[in-house]
Amino acid sequence: MKERIKKLLDDISSLKAANKDELEALRIKYLSKKGEISSLFNDFRNVANEQKREVGQLLNQLKDAAQTKINELKVSVESNSDAQEAMDLTRTPDPIELGTRHPLSIVKNEIVDIFSRIGFTIAEGPEVEDDWHVFSALNFPPEHPARDMQDTFFITRDPDVLLRTHTSSVQSRVMLNQKPPIRVLCPGRVYRNEAISYRAHCFFHQIEGLYIDKNVSFADLRQALLYFAKEMFGEDTKIRLRPSYFPFTEPSAEMDISCDLCGGKGCAFCKGTGWVEILGCGMVDPNVLENCGIDSKVYTGYAFGLGVERITNLKFKVKDLRMFSENDVRFLDQFKSAY
Ligand code: PHE
């Protein structure tokens, strides 16, 4: 009897079942009323009294082992068949949710694209700059208010290390390092010490354009900007240039585009004028060319600078500039289809 029990214990420990039918056959073989273990229990009456205790324990042990093994096999057979049912290889996969490009990046990329079609390439420079590249080289007189603490974030004084207040600083770097013809676009972040409100922030983004060659004229500037305005805001867009002043350009101008909300008739958005200002521009001042080692008798050039936030506001009608830096996904999600 003991021998039979030990043999069965051995058999049970190595049982295997590939599916539900095989498992059921094993259950019947070992655990049913007519199964092997039951028949051992039936034979138990014939065991000699002095062995009953030991054999009884062995029998219970065998029954427990068989029950545990069958339960284990049941779990593994079921999980196998679950996996087979869940895996439908013909099903179309769930689409992967796309992230959103930031509205400022969408507009920056579009502007870069437009100008790259007329030969502009990208140039970049550091955000932490020195006085020379941001102001002196660009013909800012020493007492110019833009150098004042109110506008500029200084990191150290004397030597002046500061956060650039405009991307025109990249202009100085490019002119120092490249020979004309130069045709570059300089996108980047700039910093000014301003109170944060819906219409001003202490940092924002600019794109500066610079073209230097022989015989570059104001008419070239105007034509490039007209092309840009039409590409960006639509074929019907008109531009107008108003005289202005920048230390690094002479003559200087500010450019307006016809208000696309009212079609130029005048509305609250354009304050009744029919025009909205979008950028500053002008012919590079000969002093700037000379400061950067370019012969101003041979070469002329134009430059323009625009605020990416401003163009983005016009394009997407965002009313509060602070939205751009708050990372609110409810705002950012709205630009999913914009590129
Ligand atoms: N740098 C000027 C600004 O920050 C913009 C500008 C660039 C004007 C180039 C003229 C030429 O406002």
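All values derive from a computational prediction rather than experimental measurement.

So, on to the overall build of the chain. Across its full length, the chain holds 12 helices and 10 strands. Here the chain has a C-alpha radius of gyration of 40 Å; the compact-globule value for 339 residues is 20 Å, and the former is much larger. With the C-alpha coordinates aligned to their principal axes, the bounding extent of the chain is approximately 125 × 50 × 40 Å. The buried share among the 339 residues of the chain stands at 41%. For the chain, long-range pairs separated by at least 24 residues make up 66% of all intrachain contacts whose partners lie at least 6 apart in sequence. When the accessible area of the chain is evaluated, it comes to approximately 19600 Å², of which 50% is carbon and sulfur surface. Once the 45 positive and 50 negative side-chain charges of the chain are each reduced to a mean point, those two points are 7 Å apart.

In this section: the domain arrangement of the chain. Domain annotation of the chain identifies domain 1 (2-86) and domain 2 (103-335). Taking only C-alpha atoms into account, the centre of domain 1 sits 84 Å from that of domain 2.

The buried fraction of strand β10 (residues 300-307) amounts to 6 of the 8 residues, a majority that puts the element mostly inside the structure. Summarising the sheet, strand β6 (residues 203-213) and β10 pair through 8 bridges and their orientation is antiparallel. Residue Asp213 lies in a different strand from β10, and its bridge partner there is Thr300. In terms of strand pairing, strand β9 (residues 275-284) meets β10 through 5 bridges, oriented antiparallel. Across the sheet, Gly280 pairs through a bridge with Gly305, a residue of β10.

The biggest cluster of nonpolar side chains holds 44 residues, and the ones touching the most others in it are Ile111, Phe228, Ile257, Ile278, Leu279, Tyr302 and Phe304. When contributions to this core are tallied by element, the ones reaching two or more residues are α5 (103-116), β6, α8 (218-233), β8 (249-258), β9, β10, α10 (308-316) and α12 (329-332). By residue number, the principal contributor to this core is α8, which donates 8 residues. One finds Leu138, Met175, Ile182 and Val284 within the second-largest nonpolar core, a separate group that totals 25 residues.

Time to look at the site of the ligand. For the ligand, the set of nearby residues contains 13 residues, the closest of which are His166, Ser168, Arg192, Gln206 and Glu208. Contacts to the ligand include His166, whose side-chain N or O atom sits 3.1 Å from a nitrogen atom. Here an oxygen atom of the ligand sits 2.9 Å away from a polar atom, N or O, in the side chain of Gln206. Within the complex, 89% of the 320 Å² of free accessible area of the ligand lies under protein. Looking at the shell around the ligand, the elements with two or more residues in it are β6, β9 and β10. With 3 residues, β10 is the largest single contributor of residues to the shell around the ligand. Residues belonging to the shell around the ligand are distributed by class as follows: 5 nonpolar, 6 polar and 2 charged.

Let's shift gears to the sheet that holds β10. If you walk across this open sheet you meet the 7 strands as β1-β5-β6-β10-β9-β8-β7, and the pairing is mixed. The open sheet has two edge strands with one neighbour each: β1 (121-122) and β7 (239-246). Note that β1 and strand β5 (residues 182-191) share 2 bridges and pair parallel. What sits directly across from Ile122, in β5, is Leu185.

Time to look at unusual backbone geometry. Glycine aside, negative phi is the norm for most residues, and most peptide bonds take the trans geometry. Of note, the amide linkage connecting Asp158 to Pro159 takes the cis form, showing an omega dihedral of 5°. Here Pro159 shows up in the loop between β3 (154-156) and β4 (161-163). Cis rather than trans, the peptide bond between Pro180 and Pro181 has omega equal to 0°. Take Pro181: it is sitting in the loop between α7 (168-177) and β5. Backbone geometry at Asp158 places phi at a positive 55°, although glycine is not the residue there. Considering the arrangement of structural elements, one finds Asp158 in the loop between β3 and β4.

About the thresholds
Residues numbered from 1 in each chain as written. Predicted model: local features only at pLDDT ≥ 70, side-chain atom pairs only at ≥ 80, totals over all residues. Heavy atoms only, no water. Helix = DSSP H or I, 4+ residues; strand = E, 2+ residues; numbered from the N terminus. Rg over C-alpha atoms; globule rule 2.2 N^0.38 Å. Buried < 20%, exposed > 50% of the residue type's maximum accessible area, 1.4 Å probe, protein only. Contact = heavy atoms within 4.5 Å. Areas by Shrake-Rupley, 256 points an atom, 1.4 Å probe, with all protein chains shown as cover. Lys, Arg positive; Asp, Glu negative; His and termini not counted. Charge placed at Lys NZ, Arg CZ, Asp CG, Glu CD. Domains from an automatic or database assignment. Pairing = 2+ DSSP bridges. Core = buried A, V, L, I, M, F, W, Y, C linked by side-chain atoms within 4.5 Å. Near = heavy atom within 4 Å. Polar contact = N/O pair within 3.5 Å; in protein donor to acceptor, adjacent residues only side chain to side chain. Nonpolar A, V, L, I, M, F, W, Y, C, P; charged D, E, K, R; others polar.

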